[in-house]
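Spelled out, the chains give:
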Amino acid sequence: MLTTNRNELMCSDCNAEYYPFGNTRVRNVFKDLYLGGKIYSNVNKVTKVLLLGCGDLRNTFQATTSKNPKNLEIHLNDFHPSVLARNIIILKIVSARDFNPDNDEDFGFLWDVWYNIDWPEETRKRFLTVVKELMNEKLPDNVSIPNHSHFEKLKNLWSNWHSISSRNKTDGESLMKKIWGQRNQCLLDLWEVLYPGYLQEKATLKNTDLYTTSVNELAEQFHNREGFTRLAPYIQKKIYNEVLECYRKGSSRLQNDDKLVCVNPTMLNPETHDWKFFCLLTPFEGYLPMEKGELITSVEEIMNQSCSKILKRLVSSYLRRIGTIEIVFHLEEAIKHCYSDANKFDVIDCSNFVDHVGLANLVVACCQKLSDNPNAVFYTEIMTDRHHSANTIVEASLGAPLSMIPTIYGLRLADHVELRDSAIDYLRCITLQRGRPVNLCWQKVPHFQNIKLIPSPDLNRCLTKLAKSCHLTTFPKPASLTSSAGSEIYYTPLTFNYILDSMIKRLGHDFWLPDIRQLEVAPQFRLARRILEDWKNGKKMKKFTAGVVSTVKSAVSEKSTPLLRLVFVRKASYKLNPDLSGPDVHFIDNFKLALKHSSRGIEVETVSFLLPSDHGFDGTYGATVFNAFNGMPLLLLDPFESMRVEEYLVPYPMDQSIKSKLPVDPKEEMYMKVESCIESEEQYTLRIAIECDGNVSGLKISTNEQAPCESCHDVTVSLTQPSKIKPLFLTFPFPILAKNVQATLHRKSRHVDLLVKKSLLEPWPCEFHTKKSKWITDDLVPWKNESLKSENVFNSVEHHLSSQFLSKDFDVGHYLDSKRSALESLRFKLVALMSGNSEFVSYGRNDDWYLLKLHRPLLTSPMGSPILLITALDDNHTKNISKKISLNPTVLKEVMDHFKIYEKVFPLGTPKDKLDLDAETEEEFQLFRFLLRLNSTRIEPSKWQKKNIPLGGSSPWLATFLSPLYLDSVSMESIKDEPADEICCAACKKIPEKLKCCSRCRSTVYCSVECQHSHWPMHKIMCKKLVVLITGSNI
């Protein structure tokens, strides 16, 4: 089957390496899955989980640490046979009746198989016993491999590993010597590829050999990268020596170093028995950074003991629940598996499967696999960098702003990347390890109902952008190695097809789809578009398989993996015009490679592709695979007359049955229907026709708004005249603001104009009304603050607050820019609120204000970040209720009750430490309001709040909190390119003749002492940070 992602050529030994174990910390795949309600009231309910590109078993074991759900069916997918074969071996080991994770010998055996390059005799013997049973198809009782051919491949691999481990002493030692040489050479070669000349320069400077220099540098980089620099010096030294020894030996042995007799066969190339394991990997990365209490510093082997303790906990959890868990293995490429397997899942995690695919390919594929469970979720992971935030990467990768994603993909991003709060996994990003990983949670949204969407400028703009991304004629550069930005280069015409097909299926029609010719697709893709449309429409297709005549090595760059494109071109035309732009040029990006292993690495054996029966290619055309990056021919294929041709009987993967979401014109003589709906980033504009005779009147609009949420998905349009006309029920995928629905009835033309605004700055209804797990406020412990120069900087609130602004680079001008965004201004307000001593704060602008009671001290969130508990009152309610004072007893009681609560929370008189904060723009105030309301959905109010303020429903009171909005990118270049503004007072923004600098940091200016004093709560933390960064001294 063809897949959506673009082919790459893994042509070198370096690219042929694989990761036998993970290098990122495990994650809880159930953290966003609501396990209540009718769905989970059935004790026999089986929750199905899919781990795409599963890697090792740590995430599988982590899923068993939760008591709920009770029954699990976990499907593990990976395209690499060695990964799955290793996982089944490990499950076989731990499932043995006599295995005890607390027994040193048993756990040492498990650790050897999982992590170590070479083994003692006892490990070899036990490994042979386990593998022999698997070769005889004796799988663990709760493990299955449904595809027979996949099972046979794994059995062949186990047989191969059994053969390697059964070698005699001489052959075993010879193989170990060979592997050690290859592994050491790999360490040296990798430096030369990444940093040519660096290792030689370092070795000369330190007067050491290249290998010693290499492992010393790796240990030093590990030490700095993983955030150990704030630990006590003697602890740092022990960790450094332990990591250094691991790089030297390639192993991290838990038991005494018995004589080593054989190599770990699971880390070898099964065909050539050469080294193929990624040489920079250690067992420790997969457990870092560690949570509080996990790092055991009282022992000599800190990393070994700390990591093994975590793994023991995971294994023990799995063994306790093994009777309620089924594990199913699938050996195939992840995207292909999503379209070929019929199972649907409640949870999908493809966080380990992020490279060389592209976010849109993953999102569309996973959406097809999600079950109808309304709480079903799937996870992806992206890597941000200093120039690309999570928000910009998501919007660029999906070709749409956040507000259009529900329409195009049928999904909502549960993480609010526009605020940069919950999207940032702070525990993992604090080390800046390989960029900043951001886990994203996705959920399905309600479908359009009774709505006829038609082309609109914003929707056309999104589709045009996607069309261009999926039909690229040139590729300027490879995607970043440390960021998810630029991954659109992996999209193909089939990506675009599947996006459109999924939209048609959800919307039930294609009225919204513009002519493909309007989407600016290059003419070189005409044939590719026809192939996909013919396949989709069920026409007979031919599968061509071509052998590789020769490979042009000069087309391959050592520093990048070639991105492949199949090109059909008339030979005579190519000689005259080799730039691939003529009328006889056809680009095919969806094709299949058959690979073979050899002593030279991985090579392409054949190339397969589809063509219609009347393709028209003859001997005048040639088929060549090009390196898309440099436009050079890479693989010269057989001529068309020599290719193998067969009928292609695989059906188009996307279901073509369409269930219309539009109402069929009813049999009644009178009815309403939507003639058109135009969607933009901010709103939906509808024209509703009224099919009837006579007068129309009494237009009424109602919604399914449910307080305290101010947004909703459903709108009902009804009329009083004619009396027999039925209401029209509408559903929108993106929630709308219930109070902002505008409707106009046109009696003469008998139609209604309906305008509904999207609730861009209001939590979704599901966030208010789903009974998901919340933080129990009274269980959170007080924040214990340490200084910026303490051993553990992450216990410093100043560090967390400054992390809202600073990346690895620093530029003072960024913080003085009067054109800073509303989000940046809000971050400065958070500094003032969280770092000061004020108990009462008023925040707002013009007539919109919030009154805040700040419950100090700060608390520590479950994620380890500081939070400030807040009781908030929308002060507009106080103003409005004051106007309602009357002699009506009911109204009077409502007024008196409100002021009684008001006086209890905000005592009469103005406290000395009351703080007044002005929102600089309306956008900033709306962001602040959004943050307060969003955070109120994430916590269980404190006992004090439950006792003293009315909560829920239409109450103006909120029990909420504030926490840092961590920065996930800083683009200094965009700041430097802007012209500097006139310097003004940081507090009042006036530009007087004389300005006074802050005497500490010398970077912020004021017009008067009064302004400086009023601004100090906001400036204090940044002032300290600036002084530390600029002068190196602390205040």
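Computed from a prediction, not measured in an experiment: that's the story for all the values here.

Q: Before we go on, may I ask you to explain the overall build of the protein chain in this structure?
A: Within the protein chain, the regular secondary structure consists of 30 helices and 34 strands. Within the protein chain, buried positions represent 55% of all 1035 residues. The contacts in the protein chain between residues at least 6 apart in sequence include a share of 75% that link residues at least 24 apart. Working note: accessible area of the protein chain is about 45400 Å², and carbon and sulfur atoms make up 51% of it.

Q: Would you take a moment to explain the nonpolar core for this structure?
A: General note: in soluble globular proteins, nonpolar side chains tend to be found buried as a group. Of all hydrophobic cores here, the largest spans 127 residues; its most connected members are Tyr409 and Trp442. Each of domain 1 (4-32 + 44-349) and domain 2 (671-769) accounts for three or more of the residues forming this core. Among residues more than four places away in sequence, those in contact with Trp442 are Leu359, Val363, Ala376, Val377, Phe378, Thr380, Val394, Leu398, Ile405, Leu411, Arg412 and Leu413.

Q: In this structure, what is going on with the confidence of the model for the protein chain? I would like to understand it.
A: In low-pLDDT segments, the atomic positions of the prediction should not be examined closely. In this model, the protein chain carries a mean pLDDT of 85, and residues with pLDDT of at least 70 account for 85%. In the predicted structure, residues 971-982 sits below a pLDDT of 50 and forms 15 contacts with residues beyond four places in sequence or in another chain. Across residues 1028-1035 the pLDDT falls below 50, and counting only partners more than four positions away or on other chains, this stretch makes 17 contacts in the model.

Q: Sorry if this is basic, but what is going on with helix 5 (residues 121-135) here?
A: Since the α-helix advances by 3.6 residues per turn, residues separated by three or four positions end up pointing in the same direction. Compared with an ideal rise of 1.5 Å per residue, which puts 15 residues at 21 Å, helix 5 spans 21 Å between its outermost C-alpha atoms and is within 8% of the ideal. Regarding helix 5, the residues found buried are Thr123, Arg124, Phe127, Leu128, Val130, Val131 and Leu134. Turning to helix 5, the residues buried within the fold contact helix 3 (81-95), helix 4 (104-115), strand 3 (118-120), helix 6 (148-165) and strand 5 (260-263). A positive phi of about 65 degrees marks Glu137, the residue just after helix 5.

Q: I tried to follow the environment of Asn44 on my own but got confused; where do I start?
A: Here Asn44 lies in the loop between helix 1 (13-16) and strand 1 (46-51). Between the C-alpha atoms of Asn44 and Asn71, which are 27 residues apart in sequence, the distance is 7.1 Å.

Q: How should I be thinking about the sheet that holds strand 21 (residues 700-703) in this particular structure?
A: For sheets, the rule is that strands pair by backbone hydrogen bonds, running either parallel or antiparallel. Across the sheet, which stays open at both edges, the three strands sit in the order 21-22-23 with antiparallel pairing between neighbours. Looking along the sheet, the strands with just one partner apiece sit at the ends: strand 21 and strand 23 (728-737). Put simply, the sheet's adjacent strands are angled 25 degrees from each other on average, direction ignored. In the sheet, strand 21 pairs with strand 22 (residues 711-718) via four bridges, with the strands oriented antiparallel.

Q: Got a minute to help me understand the packing of aromatic side chains in this structure?
A: Here a ring pair, both rings aromatic, is described through the centre-centre distance and the interplanar angle of the planes. This model, assessed by the stated rule, comprises 39 aromatic pairs. Centroid distance Tyr339 to Tyr498: 4.6 Å. Interplanar angle 50 degrees. Geometry classified as tilted. Note that Tyr339 is positioned in helix 12 (residues 334-340) and Tyr498 in helix 18 (residues 493-507), a separation of 159 residues in sequence. Measuring from centroid to centroid gives 5.8 Å for Tyr498 and Tyr652, while their planes differ by 75 degrees, and the two rings are edge-to-face. Of this pair, Tyr498 sits in helix 18 while Tyr652 sits in the loop between strand 18 (644-648) and strand 19 (671-679), and the two are 154 residues apart along the sequence. On the basis of relative accessibility, which here comes to 1%, the residue Tyr498 falls in the buried class. You can call Tyr652 buried: its relative accessible area is 10%. Here the aromatic cluster, defined as three or more aromatic residues joined through ring pairs, consists of Phe21, Phe61, Phe107, Trp111, Trp114, Tyr115, Tyr287 and Tyr318. A cation over a ring is seen here: Arg412 above Trp764, with NZ or CZ 5.0 Å from the ring centre. Above the ring of Tyr684, the side-chain terminus of Lys758 is found at 5.0 Å from the ring centroid.

Q: Help me understand the state of the cysteines, please; the structure alone is not making it clear to me.
A: Defined simply, a disulfide is a covalent bond joining two cysteines at their sulfur atoms. Evaluation of the coordinates by the stated rule reveals zero disulfides. Cys307 takes part in no disulfide bond, and the closest cysteine sulfur, belonging to Cys246, lies 9.8 Å away.

Q: Is there a simple way to think about the pattern of salt bridges in this case?
A: Oppositely charged side chains may form a pair once their charged atoms are brought near each other. This structure, assessed with the given rule, holds 43 salt bridges. With a shortest N-O distance of 3.3 Å, Asp534 and Arg530 are connected by a salt bridge. In this pair, Asp534 and Arg530 are both assigned in helix 19 (residues 526-536), four residues apart and thus about one turn of the helix distant. In this structure Asp534 comes out as buried when scored by relative accessible area, which is 8%. Among the salt bridges present, the one from Glu920 reaches Lys829, with a minimum N-O distance of 3.6 Å. Pair noted here: Glu920 is in the loop between strand 30 (915-918) and helix 27 (922-936) and Lys829 is in helix 24 (residues 822-835), with a separation of 91 residues, a long-range link. Looking at Glu920, the relative accessible area reads 33%, which means it is partly exposed. Among the charged side chains, a network of salt bridges with common partners joins Arg530, Asp534, Lys539 and Asp614.

Q: When you look at the side chain of His162 in this model, what are you seeing that I'm missing?
A: For His162, the position within the fold is in helix 6. Those residues in contact with His162 that sit more than four places away from it in its chain are Leu128, Val131, Lys132 and Met135.

Q: Can you walk me through unusual backbone geometry in this structure?
A: Both trends apply: most residues other than glycine have a negative phi, and most peptide bonds are in trans. Asn68 connects to Pro69 through a cis peptide bond whose omega is 0 degrees. Residue placement: Pro69 occurs in the loop between helix 2 (58-62) and strand 2 (71-78). The amide bond that connects Gln721 to the next residue, Pro722, takes the cis arrangement and shows omega of 0 degrees. Here Glu137, not a glycine, exhibits a phi torsion of approximately 65 degrees, which is positive. On the accessibility criterion, Glu137 (42% relative accessible area) is partly exposed. In this structure, Asn846 takes a positive phi of about 50 degrees despite not being glycine. Here Asn846 is to be found in the loop between strand 27 (840-845) and strand 28 (848-860).

Q: Is there a simple way to think about the side chain of Glu767 in this case?
A: By the element assignment, Glu767 lies in helix 21 (residues 765-769). Relative accessible area serves as the criterion here: at 6%, Glu767 is assigned to the buried category. A distance of 3.5 Å separates polar atoms of two side chains, one belonging to Glu767 and the other to Arg412. Here Trp764 takes part through its backbone nitrogen, which lies 2.7 Å from a polar atom of the side chain of Glu767.

Q: Whenever I open this one, a negative patch on the surface confuses me. Can you help?
A: Negative charge collects at one region of the surface, where Asp102, Asp104, Glu105, Glu122 and Asp258 lie side by side. Residue position: Asp102 is located in the loop between helix 3 and helix 4. A relative accessible area of 58% means that Asp102 is categorised as exposed.

Q: For this particular structure, what's the right way to read the sheet that holds strand 24 (residues 742-746)?
A: Within the open sheet, the four strands sit side by side as 19-20-25-24. Their pairing is antiparallel. A strand with exactly one partner marks an edge of an open sheet, and here the two such strands are strand 19 and strand 24. Strand-to-strand, the axes of this sheet are offset by a mean angle of 15 degrees, without reference to chain direction. Pairing between strand 20 (residues 683-691) and strand 25 (residues 751-757): seven bridges, direction antiparallel. When the sheet's bridge partners are listed, Thr685 is paired in strand 25 with Leu755.

Reading the values: rules and limits
- Residues numbered from 1 in each chain as written.
- Predicted model: local features only at pLDDT ≥ 70, side-chain atom pairs only at ≥ 80, totals over all residues.
- Heavy atoms only, no water.
- Helix = DSSP H or I, 4+ residues; strand = E, 2+ residues; numbered from the N terminus.
- Buried < 20%, exposed > 50% of the residue type's maximum accessible area, 1.4 Å probe, protein only.
- Contact = heavy atoms within 4.5 Å.
- Areas by Shrake-Rupley, 256 points an atom, 1.4 Å probe, with all protein chains shown as cover.
- Core = buried A, V, L, I, M, F, W, Y, C linked by side-chain atoms within 4.5 Å.
- Domains from an automatic or database assignment.
- pLDDT = per-residue confidence, 0-100.
- Expected span 1.5 Å × (residues − 1).
- Pairing = 2+ DSSP bridges.
- Axes fitted to C-alpha atoms, helices over the stretch in contact; angles between N-to-C directions.
- Phe/Tyr/Trp six-rings, centres within 6.5 Å; stacked < 30°, edge-to-face > 60°.
- Lys NZ or Arg CZ within 6 Å of the ring centre and 35° of its normal.
- Disulfide = S-S within 2.5 Å.
- Salt bridge = Lys/Arg side-chain N within 4 Å of Asp/Glu carboxyl O.
- Polar contact = N/O pair within 3.5 Å; in protein donor to acceptor, adjacent residues only side chain to side chain.
- Patch = residues over 30% accessible without salt bridge, like charges linked within 9 Å, V, L, I, M, F, W, Y side chains within 5 Å.
- Lys, Arg positive; Asp, Glu negative; His and termini not counted.
- Charge placed at Lys NZ, Arg CZ, Asp CG, Glu CD.

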